[in-house]
Amino acid sequence: MVKGIDSRRKHYVQVLSRTDEDGHITPVAITWEDGRTFDIDRVLDCRQAASLKVGGTGTRYLVRIGRTSTYLFHEDPRWFVEEKVMG
Amino acid sequence: MDRVILHSDMNSFYASVEQAEQPELRGKPVVVAGKEELRHGIVLTKSTEAKKYGIKTAEALWQARAKCPDLIVLPPRYKLYRRYSEMARNIYYQYTDLVEPFGLDECWLDLTGSLPLHGGDALVVAREISERVKAELGCTVSIGLSWNKIFAKFGSDYRKPDAITPITRQNYQSIVWESPVRDLLYVGPATERKLHAYGIRTIGQLAGTSDAYLRRRFGKVGFILRTFARGEDTTPVKAYDPTRRDVWREVKSYGNGLTAPHPITTAADAQALIWLLSESVAQRMRADGMRARTIAIGVCNDVDLSGYGCQVKLDRPSAATRHVAHAAWALLHACEPFDEDHPIRALHVRATDLVEADPGVQLSLFEADEPDWEGLDACIDELRRRYGNTCIVRGTELLDASLVGLDIKDENTVHPVGYFHR
């Protein structure tokens, strides 16, 4: 486990996304529960994957927000992230 | 040229899916089981860890708990399992279009034609599929590879979980033929007893029996089993048709059964259950555009769990709920006294002798016009399609309060297809 991170928790989030005419979905922004919105600068990777940390499976986007990157899962229809639980 | 057939089996499927969804369950003894309060409390699937305690599929929950006090028992979530099953199949489809599902958790893949596109080595493809299922679904599969479906299935059962077993022309005699006959598809306990009685204990011995002996002792099925044992089965991998229903295709009968939440001792309760089951059977028939000529019921006694069945021919083929239910009820009513001394545990309604609904039905000249029951059912089906199966129910079904809200069609129809049903 990474220093400072105690565990991970499945956290469903509000996501703004764009669906193109082929049906491809691109997440645009994530809104956290406290109301802060994080714009997604780039989608670095997108694939089917299971979350081994918090469980569940779906389309996994590796997104860059500012200088950090994180996984965002589309469980269709919901979205979730692997929230850090600080120790 | 030999075919290249792969059989993929998702290990302890329901339990694995639950463990993939809830990582905190990983490494713990988990079983997925029916609802105890409805008296469906048997083990449907056990995790690898639960298996170590000697817990077996179809065992009662109290037996399982006796073996493992810390057992985690989960209710089944069929929708979720169907989603995982579909996702696994979507992976298989990226390697071949010939994918034949066998239940929710097993599939045959015919790679003969598409193998050159994927590098030409079946073992590499098998490893890739196994890795992808692990990464994308979080479950493990065991895979068997061979030139026929029977040995491919044997291979996937041979080593599990998370293993790949090739059965080749070089090794099948040492692997398959040395194994007990029980490991062959379609050799169940009864056939095994019979084979043992004649001294046939291994698959190799079965493969070596003579024509005359087989004909005398086993008849037609003996030859089929020997074909299986010799690896001479040529049944093609049949691509499943997505316009038909998910798991089954050519159907010979439609059946639904249910263990009642409490022993049935009154005619009203029995009638409620008969209608509930008939409704699901008839609805599934209509959805597939079929009609049945014969209705059969099965009855299981609550005292000693003994059972019997009987059937009746309909005057003309029908898929109307009313006709199915009336026929089934007439059968049951003729056989059962419905009192405290003769409690019924489970009932089963089955529609067989199917015909396509399309060509229409020969009407009788001498009968009074009947209302259009199938037309009524079509309306009800449409309502259910839009608002769910429990949005409209028969008055009869409300007579037994414990059955209210049960959705037989969606919750109780996960059957593996038979190998011969084609």
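The rules behind these values
- Residues numbered from 1 in each chain as written.
- Chains lettered and ligands numbered in written order.
- Predicted model: local features only at pLDDT ≥ 70, side-chain atom pairs only at ≥ 80, totals over all residues.
- Helix = DSSP H or I, 4+ residues; strand = E, 2+ residues; numbered from the N terminus.
- Buried ≥ 20, exposed ≤ 12 C-beta atoms within 10 Å, placed from the backbone.
- Rg over C-alpha atoms; globule rule 2.2 N^0.38 Å.
- Contact = placed C-beta atoms within 7 Å.
- Core = buried A, V, L, I, M, F, W, Y, C linked by C-beta atoms within 7 Å.
- Domains from an automatic or database assignment.
- Nonpolar A, V, L, I, M, F, W, Y, C, P; charged D, E, K, R; others polar.
- pLDDT = per-residue confidence, 0-100.
- Pairing = 2+ DSSP bridges.
- Axes fitted to C-alpha atoms, helices over the stretch in contact; angles between N-to-C directions.
- Expected span 1.5 Å × (residues − 1).

J.: Sorry if this is basic, but what is going on with the overall build of chain B here?
T.: Looking only at helices and strands, chain B features 15 helices and 12 strands. For chain B, the spread of C-alpha atoms along the principal axes amounts to about 70 × 55 × 45 Å. Across the 422 residues that make up chain B, the buried fraction comes to 36%.

J.: What's the story with the overall build of chain A in this structure? I'm lost.
T.: Within chain A, the regular secondary structure consists of 0 helices and 7 strands. Overall, chain A shows an N-to-C arrangement of helices and strands of β-β-β-β-β-β-β. The C-alpha atoms of chain A give a radius of gyration of 13 Å, which matches the 12 Å a tight globule of 87 residues would have. Once the C-alpha set of chain A is aligned to its principal axes, its extents read approximately 45 × 25 × 20 Å. Within chain A, buried positions represent 20% of all 87 residues. Counted over contacts in chain A with a minimum sequence separation of 6, partners at least 24 positions apart contribute 41%.

J.: How should I be thinking about the nonpolar core in this particular structure?
T.: In summary, soluble globular proteins display a tendency toward joint burial of nonpolar side chains. Residue and element names in this part refer to chain B. Leu6, Val31 and Leu109 are the most contacted members of the largest nonpolar core, which totals 64 residues. Considering each element in turn, this core owes the most residues, 6 residues, to helix H5 (residues 122-137). Looking at which domains feed residues into this core, each of domain 1 (14-78) and domain 2 (177-230) supplies at least three. Counting 35 residues, the second-largest nonpolar core is a separate cluster that includes Leu258, Leu277, Trp329 and Ile344.

J.: I tried to follow the interface of chain B and chain A on my own but got confused; where do I start?
T.: When the parts come together, some accessible area is lost, and that loss is often what is quoted as the size of the interface. Counting residues at the interface gives 8 residues for chain B, matched by 9 residues for chain A. Looking at the side of chain B that touches chain A, the elements that each hand over two or more residues are helix H1 (13-21) and H5 of chain B. In terms of residue count, the dominant contributor to the side of chain B that touches chain A is H5(B) (3 residues). By residue class, the composition of the side of chain B that touches chain A is 4 nonpolar, 2 polar and 2 charged.

J.: Honestly, the confidence of the model for chain B in this entry has me stumped. Any pointers?
T.: Reading predicted coordinates in detail is not appropriate for stretches of low pLDDT. Residue and element names in this part refer to chain B. Model confidence for chain B is summarised by a mean pLDDT of 86, while 93% of its residues fall at 70 or above. The least confident element of chain B is helix H15 (residues 408-411), whose mean pLDDT is 64; the most confident is strand E7 (residues 141-146), at 95. Every residue in residues 413-417 scores below 50 in pLDDT, and together they form 9 contacts with partners more than four places removed in sequence or on other chains. For this predicted complex, the interface score ipTM comes out at 0.76, alongside a pTM of 0.73.

J.: Would you take a moment to explain the pairing of strand E2 (residues 30-33) of chain B for this structure?
T.: Every other side chain in a regular strand lies on the same face of the sheet, so the side chains alternate between the two faces. All names here are of chain B. Side chains Val30 and Val32 project from E2 onto one buried face, and the interleaved Val31 and Ala33 project onto a second face that is buried too. Two strands pair when backbone bridges link them, and E2 and strand E4 (residues 72-74) are joined in this way by 3 bridges, in the parallel orientation. Looking at the pairing, valine 31 lines up with valine 73 of E4. Looking at chain direction, E2 and strand E3 (residues 43-46) are connected through 3 bridges and run antiparallel. In the sheet register, valine 31 faces E3, and the bridge partner there is lysine 46.

J.: How should I be thinking about the sheet that holds E4(B) in this particular structure?
T.: Backbone-to-backbone hydrogen bonds pair the strands of a sheet. The strands run either parallel or antiparallel. Residue and element names in this part refer to chain B. Read from one edge to the other, the open sheet built from 3 strands follows the order E3-E2-E4, with strand pairing classed as mixed. The outermost strands of the open sheet, each flanked by one partner alone, are E3 and E4. With strand direction ignored, the average angle separating the axes of adjacent strands in the sheet is 30 degrees. Most of the contacts of H1 go to E2, to which it runs at about 115 degrees, and overall it touches E2, E3 and E4.

J.: What is the right way to read helix H14 (residues 373-387) of chain B from this model?
T.: With 15 residues, H14(B) ought to run about 21 Å at 1.5 Å a step, and its terminal C-alpha atoms sit 21 Å apart, in line with that. Following H14(B) by one or two positions, B:Gly388 adopts a phi angle in the positive range, close to 95 degrees.

J.: Would you mind showing me how to read unusual backbone geometry here?
T.: Outside of glycine, negative phi angles account for most residues, and trans bonds account for most peptide bonds. That bond from A:Asp76 to A:Pro77 is cis: its omega, 10 degrees, falls within 30 degrees of zero. Note the cis peptide between B:Lys160 and B:Pro161, where omega equals -5 degrees. Along the chain, B:Pro161 turns up in the loop between helix H6 (149-158) and strand E8 (164-166). Positive phi outside glycine occurs at B:Leu305, with the angle close to 60 degrees. On the basis of neighbour counts, which here come to 9 C-beta atoms within 10 Å, the residue B:Leu305 falls in the exposed class. Located in the positive-phi region is B:Phe338, a residue other than glycine, with phi close to 55 degrees.

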